Every structure is written in structure tokens, then in C-alpha cells.
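Inside the fold
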Amino acid sequence: MMKNSLFSSYKVFACNSHPELAEEIASIMGKPLGDLEVKQFSDGEICVNLGETVRGVDCFVIQSTSEPVNDNLMELLITIDAMKRASAGRITAVVPYYGYARQDRKAKARDPITAKLVADMIVTAGADRIITMDLHAAQIQGFFTIPVDHLIGQPLLTEFYRKQNIDDLVIVSPDHGSVPRARNMAEPLNCPIAIVDKRRPKPNVSEIMNIIGDIEGKNCVLLDDMIDTAGTITNAANAIKEMGAKSVRACATHPVLSGPAIERIEASAIEELVILNTMPIPEEKMLDKIKVISVGPVFAEALTRIHCNESISKIFAGNRF
């Protein structure tokens, strides 16, 4: 029996974005998913119906704000509002992939800061806590006025490559922003890193300028937080292969895989792509070179620890968290 909780019970609910992951998390926690129906009126408005009481209950609502981003975001907000109005004891928004995170600052005049806007919406809807994984920028945690549990996907990927026992391994950051992430993976694997120097003339377009580090004759693994149109990671893969890398693999936490991503990955020098299932991956996008690692066990343990008021950081003991 769970102890040290302020609430007598907890329930796990799922909106429509990723039911498979929600079912896995609930199953590991030993709970059936709660009775929640999320549908749309004929004009597209979202309708939420809670089919069971949540009064005084510790509620977890699982929803990645992935494609279709706006529908999934509104489903989350309306579900939180329904729980708040039904007198839920505590509402935790479980958002494996936090959308709108790429606009986290004003990069130029008159830019919006959508990461802050979405944070305000989640808080206003009535969430008491949020748990997410690999925010595009760590400072987004500060946009919330509620507790944020920020899980890290890199240890799952690190453990995968540890088991592979690859010789002459080099972890490659596809841009300067991912350098800390690459270092955190390289240290436990006891291997060096390299950095792709690029510029981005416009959104979803990247140009490789130079490679910093020794990749000639090495087995390289590119690491990023997300793969959207795959331009950055495939350009980097092709460049380091042309510059003498023995092999090129890639891994990422969030498989957005929009637009021409699948075609680019298929045609690229990437031999294997390892991704986490923070969002659903349609069957038509599952190439032979793609491998998926589930985040279900990590989220299940995190939710259990939240309910029991235990430390979240101990999930990744021995890794940077």
C-alpha cells in the first residue's frame, strides 16, 4: 500500500493524444485508466465528460501536446478544468511532450513567447503540478507558478548505447544548444564528443558550417531533444559521414517527424535512429531503421513517487538530473 500521501487514493486519466502510453503507465502502476470521454461537437469544439468521481482524489491526466497540437492542448486544458470543478484533490498534468516550447524567448522584435503562454494556460485551467520530459529549454520550468517535475530522456538513451558496447564511440551534438546534453551522455559512456557548427537562416532550415572534434574513423551517435522535419539531424549525419565517420547513428527524445522527416531520414547516412515514445508514432512512419524505447516505466515510477511524496531525482540515481 502506498504511504505518505496527502490523498487517500489516486486515479490516472488519458486524453486522446497517446492512449497506448497512458495505458502502459496505468498498467505498470496497477490501475485501470479512469473513465474519461473526450470528443468533439460537430463544429470542432471539444467536449469532456468525467464518468466517475474525483472528489478529493489525486488525479493524473496524461496528454502530450503533439500533432494535432491545438486540439490536444485544448483537450488537456478542458479536462483539467473539468477535474477542478469536480473538486479533485490535486491535478497533475502529465505532458511527456510539451508543445510550443521552441518559442521560449524573443529572438527578434515582436516575437511571441508561446512556451510561457501555454504554461499560463495550464496553470489557469487549474493544474496543481506538471510533469514533463526534455523541455526544449530548461528555463521553461520557471514559466510555471506550480511545481514542475522535469524528467530527462537521455539516461534511457545512454543505457541503450551502453548495452550496445560500440567501439570508437563519439557522441555528436547537432548544434551548440545540445552540447550539455551530449556531454551528459558521453561521460557515463566514457567517450568524447563532437559538435556540429551550423546556422539557421529560417525556421526548419539549417546549414552545416563546420565539425568541431575528431570524428574520422569513429562510430558517431547524434543526440538531440527532438526531431521535427529532420533537416538538422540528417544534414549533420551526412556531413560527418562525408568527413570520414565510420558509421552514423542518431537518437532523440521527441519524434515529432513532421513534413519531409521520414523521407529525409530514409535517404540520409543515419544507419539507426533510436527514439522515445513521448508521442505516438504512426505505423506508416516506422522505418526499419527506427527503434523505439518506452518512457512508460519512468513516468509510472515518477507518478507513484509524486503520489507518495517521494524524491523524483532518485529515478535516475547516478545520472545527471
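Relevant structure appears above.
Residues numbered from 1 in each chain as written. Predicted model: local features only at pLDDT ≥ 70, side-chain atom pairs only at ≥ 80, totals over all residues. Heavy atoms only, no water.

So, about the overall build of the protein. Counting secondary structure elements, the protein contains eight helices and 14 strands. A compact globule built from 321 residues would reach a C-alpha radius of gyration of about 20 Å, and the protein, at 20 Å, matches this within 12%. For the C-alpha atoms alone, the extent of the protein along its principal axes is close to 60 × 45 × 35 Å. When the 321 residues of the protein are sorted by exposure, 55% land in the buried category. Residue pairs in contact within the protein that sit at least 24 positions apart in sequence constitute 63% of those at least 6 positions apart. Accessible area for the protein stands at about 14,600 Å²; split by element, carbon and sulfur atoms hold 48% of it. Each charge class in the protein can be summarised by its mean position, and for the 34 positive and 41 negative side chains these summaries are 6 Å apart. (Helix = DSSP H or I, 4+ residues; strand = E, 2+ residues; numbered from the N terminus. Rg over C-alpha atoms; globule rule 2.2 N^0.38 Å. Buried < 20%, exposed > 50% of the residue type's maximum accessible area, 1.4 Å probe, protein only. Contact = heavy atoms within 4.5 Å. Areas by Shrake-Rupley, 256 points an atom, 1.4 Å probe, with all protein chains shown as cover. Lys, Arg positive; Asp, Glu negative; His and termini not counted. Charge placed at Lys NZ, Arg CZ, Asp CG, Glu CD.)

Another point: the packing of helix 2 (residues 69-85) against helix 3 (residues 114-125). Between two packed helices, what matters for the description is the angle formed by their axes and the separation of those axes. Look at helix 2 against helix 3: their axes get within 8 Å of each other, and the N-to-C directions meet at 25 degrees. If you check the angle between helix 2 and helix 3, you find them roughly parallel. Between helix 2 and helix 3, the contacting residues are Leu73, Leu76, Leu77, Ile80, Asp81 and Lys84 on the first element and Val118, Met121, Ile122, Thr124 and Ala125 on the second. Partitioned by chemical class, the residues of the contact of helix 2 with helix 3 number eight nonpolar, one polar and two charged. (Axes fitted to C-alpha atoms, helices over the stretch in contact; angles between N-to-C directions. Parallel < 35°, antiparallel > 145°, perpendicular 65-115°, else oblique. Nonpolar A, V, L, I, M, F, W, Y, C, P; charged D, E, K, R; others polar.)

Bridge analysis of strand 2 (residues 36-40) against strand 3 (residues 46-50) gives five bridges, and the strand direction is antiparallel. Residue pairing across strands places Glu37 opposite Asn49, the latter belonging to strand 3. The loop that links strand 2 with its antiparallel partner strand 3 comprises five residues; one of these, Gly44, has a positive phi angle of about 100 degrees. (Pairing = 2+ DSSP bridges.)

The final tally for this structure, using the stated rule, is 13 salt bridges. Linking Glu52 and Lys11 is a salt bridge whose minimum nitrogen-to-oxygen distance equals 2.9 Å. Here Glu52 is found in the loop between strand 3 and strand 4 (58-62), whereas its partner Lys11 is found in strand 1 (residues 10-14), with 41 residues between them in sequence. For Arg129, the salt bridge is made with Asp149, and the minimal N-O distance between the two is 2.7 Å. (Salt bridge = Lys/Arg side-chain N within 4 Å of Asp/Glu carboxyl O.)

Along the chain, Asp134 falls in the loop between strand 6 (129-133) and strand 7 (148-151). No salt bridge forms around the buried Asp134; measuring N to O, its nearest opposite-charge neighbour Arg181 is 4.7 Å away. There is a polar contact of 3.2 Å between the side chain of Asp134 and the backbone nitrogen of Gly153. Excluding residues that lie within four positions of it along the chain, Asp134 makes contacts with His150, Leu151, Ile152, Gly153, Gln154, Thr253 and His254. (Polar contact = N/O pair within 3.5 Å; in protein donor to acceptor, adjacent residues only side chain to side chain.)

Scanning the entire structure with this criterion turns up three aromatic pairs. When the ring of Phe160 is compared with that of Tyr161, the centres are 5.1 Å apart and the planes differ by 90 degrees; the resulting orientation is edge-to-face. Exposure class is identical for Phe160 and Tyr161. Each is buried. When the ring centre of Tyr10 is taken as origin, the NZ or CZ atom of Lys31, which lies over that ring, is 4.7 Å away. (Phe/Tyr/Trp six-rings, centres within 6.5 Å; stacked < 30°, edge-to-face > 60°. Lys NZ or Arg CZ within 6 Å of the ring centre and 35° of its normal.)

The next subject is unusual backbone geometry. Omega for the bond connecting Glu67 with Pro68 falls within 30 degrees of zero, at -5 degrees, which places this linkage in the cis form. Mapped onto the secondary structure, Pro68 falls in the loop between strand 4 and helix 2. If you check the backbone angles, Ser87 has positive phi at about 65 degrees while not being a glycine. Along the chain, Ser87 turns up in the loop between helix 2 and strand 5 (90-95). Although it is not a glycine, Asp168 sits at a positive phi angle of roughly 50 degrees. According to the relative accessible area criterion, Asp168 is partly exposed, its value standing at 45%.

Our next topic: the pairing of strand 12 (residues 247-255). Taken across its nine residues, strand 12 has nine buried, putting it largely inside the fold. Sheet analysis places strand 11 (residues 219-227) next to strand 12, joined by eight bridges and oriented parallel. Counterpart to Asn219 in the pairing with strand 12 is Ser247. Read from strand 11 through helix 6 (residues 231-242) to strand 12, the crossover connection turns out right-handed. Here strand 12 runs beside strand 13 (residues 272-276); their pairing, made up of four bridges, is parallel. Bridge pairing in strand 13 places Ala252 opposite Ile275. Taken together, strand 12, helix 7 (residues 261-267) and strand 13 constitute a β-α-β crossover, and its handedness is right-handed. (Right-handed = clockwise from strand over helix to strand, strands pointing away.)

A general tendency of soluble globular proteins is for nonpolar side chains to be buried together. In this structure, Tyr161 and Ile171 are the most contacted members of the largest nonpolar core, which totals 45 residues. If you tally residues by element for this core, the top one is helix 8 (residues 296-307), at six residues. In this structure Ile171 touches Ala182, Met185, Ala186, Leu189, Cys191, Pro192, Ile193, Ala194, Val221 and Leu223, once residues within four positions along its chain are discounted. Within the second largest apolar cluster, 36 residues are counted, among which are Val38, Val57, Ala101 and Val148. (Core = buried A, V, L, I, M, F, W, Y, C linked by side-chain atoms within 4.5 Å.)

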